Amino acid sequence: SAQLDRLCEDLRMGDLVTYRSVMADSERWGRFEHRPGDIVISTPPKSGTTWTQMLCALMVFDGPAFPAQLDAMSPWLDKRIRSEDEVFSIYDRQTHRRFIKTHTPLDGLPLRHDVSYIVVGRDPRDVLVSWEHHLENIHGDIIFGHRAEAVGLDDLAEFEPPVPPDPDPTVRFRTFVEREWSTREPVSLATVLHHLDTGWEHRNRSNVGLFHFLAYQRDLVGEMARLAELCSIDLDRERLAELAPEAGIARMRDRAHEVAPDISKSEHWKDPADFFRSGTAGEWVERTTEADRARYEQRVDELVSAELARWVHEGV
């Protein structure tokens, strides 16, 4: 019954992992009011989040004309550049099918039977390279100022001050590989793999779908068809093939002032179009030694199963 389902969901709330950092707070999910049919996009950073939001928008609105900027329709619910009241109000006012962005793993989310969950993976080594380019393109002081306006600064004492990244990219790669999992660390090998492992654990649920950056590149129309099926969106393959070009990187770069993250606060970006950087897989090779690559493989084996590791790195 619906009452039993709700009771089970309430019980699970008490077991959720809390992910809390200077910029994000997963406890908001415990206070957010879901609607049946909501779509939750749960990804590690730099793993195809905006790409997936764009695909959902194209399918929800059956075309590239959206009623608002992408981040105004699908803001990162946990991100503390908006107050909880503001971000909840954005979603509450929506009358269309809601698709909600988060970087919280599934073990930090209340999993409901009437909500669809999309988890997107990417080779963690490519995540690292993309993350570093991302950091170079943001105005950190402006973002922090919006954080101060939204939630204040009284809680900063509970967080360790950030450590400046090493200037040597090889050292940064090694740090990424060796850093232990933490609910406060946004990007490391351990946190990326943990996030994907939470999706892998629930992959047999009918309302949870695993998608991969490489699979998007190989067959975007086919992956859109999988998304449509997961989310019960009635669009045939012919229509999806017409929509798919709107989600190409060149097209999204052209529309950066409409579809880049946080674009309604556009001063976050030095260049919004550069968010859609056309990097290539495997750029990490040039910053690693053979020993680094061997240690990476060993660390992956320590953290996840061989089956999951294969999917993480190959998308199959």
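Higher on the page you've got the structure.
Here goes a summary of the coordinates provided. Computed from a predicted model, the values in this text were never measured in an experiment.

Parameters and conventions
Residues numbered from 1 in each chain as written. Predicted model: local features only at pLDDT ≥ 70, side-chain atom pairs only at ≥ 80, totals over all residues. Heavy atoms only, no water. Pairing = 2+ DSSP bridges. Helix = DSSP H or I, 4+ residues; strand = E, 2+ residues; numbered from the N terminus. Axes fitted to C-alpha atoms, helices over the stretch in contact; angles between N-to-C directions. Contact = heavy atoms within 4.5 Å. Salt bridge = Lys/Arg side-chain N within 4 Å of Asp/Glu carboxyl O. Buried < 20%, exposed > 50% of the residue type's maximum accessible area, 1.4 Å probe, protein only. Parallel < 35°, antiparallel > 145°, perpendicular 65-115°, else oblique. Left-handed = near helix turned anticlockwise from the far one by under 90°. Nonpolar A, V, L, I, M, F, W, Y, C, P; charged D, E, K, R; others polar. 1 Å grid on protein atoms, 1.4 Å probe; cavity = no way out; pocket = protein on both sides within 12 Å on 5 of 7 lines; lining within 4 Å. Points joined across faces, edges and corners; volume = space filled by probe spheres on them.

### Quick look at the sheet that holds strand E2 (residues 99–102)
Next up, step 1: Strand order in this open sheet of four strands is E2-E1-E3-E4, and the pairing throughout is parallel. The open sheet terminates on both sides in strands that have one partner only, identified here as E2 and strand E4 (208–212). Pairwise comparison of adjacent strand axes, ignoring direction, gives a mean angle of 20° for this sheet.
Next up, step 2: With respect to the sheet, helix H15 (residues 306–314) is in contact with strand E3 (116–121) and E4, its orientation differing from that of E4 by roughly 55°.

### A closer look at the pattern of salt bridges
Next up, step 1: Applying the stated criterion across every chain yields a total of 29 salt bridges.
Next up, step 2: Residues Asp114 and Arg112 are paired through a salt bridge, measuring 2.8 Å at the closest nitrogen-oxygen approach.
Next up, step 3: Notably, a salt bridge pairs Glu297 with Arg125, separated by 3.9 Å at the nearest N-O pair. On the criterion of sequence distance, the pair formed by Glu297 in helix H14 (residues 290–303) and Arg125 in helix H5 (residues 124–136) is long-range, its members being 172 residues apart.

### Comments concerning the pairing of E3
Next up, step 1: Summarising burial for E3: six of the six residues are buried, a large majority.
Next up, step 2: Side chains Ser116, Ile118 and Val120 of E3 all project onto a buried face; the interleaved residues Tyr117, Val119 and Gly121 project onto the opposite face, where all are buried too.
Next up, step 3: Across four bridges, strand E1 (residues 39–42) lies against E3 in parallel orientation. Along E3, the bridge assignment pairs Ile41 with Ile118.
Next up, step 4: Where E3 lies against E4, five bridges are found, and the strand directions are parallel. Each bridged residue has a counterpart across the sheet, and for Tyr117 the counterpart in E4 is Val208.

### What to know about the pairing of E4
Next up, step 1: In terms of burial, E4 is largely enclosed, as five of its five residues are buried.
Next up, step 2: Neither face of E4 is open: one carries Val208, Leu210 and His212, the other Gly209 and Phe211, and all of them are buried.

### Section: the packing of H5 against helix H7 (residues 169–178)
Next up, step 1: Where H5 contacts H7, the axes come no closer than 11 Å and their chain directions differ by 125°. Our classification of the angle between H5 and H7 gives oblique. Crossing geometry of H5 relative to H7 is assigned as right-handed. Taken together, the residues of H7 that come into contact with H5 (itself represented by Pro124, Arg125, Leu128 and Glu132) are Arg172, Phe173 and Phe176.
Next up, step 2: Of the residues in the contact of H5 with H7, the class split is four nonpolar, no polar and three charged.

### Considerations on the packing of helix H2 (residues 49–60) against helix H10 (residues 220–230)
Next up, step 1: Remark: H2 packs on H10, axes separated minimally by 11 Å, with the N-to-C direction vectors making an angle of 70°. Taken as axis vectors, H2 and H10 run roughly perpendicular relative to one another. Where H2 crosses over H10, the two elements pack in a sense that is right-handed. Contacts between H2 and H10 pair Trp51, Leu55 and Met59 from the former with Leu220, Met224, Leu227 and Ala228 from the latter.
Next up, step 2: Per-class residue counts for the contact of H2 with H10 are seven nonpolar, no polar and no charged.

### A few points about empty space enclosed by the protein
Think of a ball as big as a water molecule: rolled over the atoms, this probe shows where empty space is left.
Next up, step 1: This structure, assessed with the given rule, holds one cavity of 30 Å³ or more.
Next up, step 2: Taken as a whole, the largest cavity holds about 60 Å³ of empty space.
Next up, step 3: Secondary-structure elements contributing two or more residues to the lining of the largest cavity are H2 and helix H3 (70–73).
Next up, step 4: Classifying every residue of the lining of the largest cavity gives six nonpolar, three polar and four charged.

Functional significance is not addressed by these values, which are geometric in nature.
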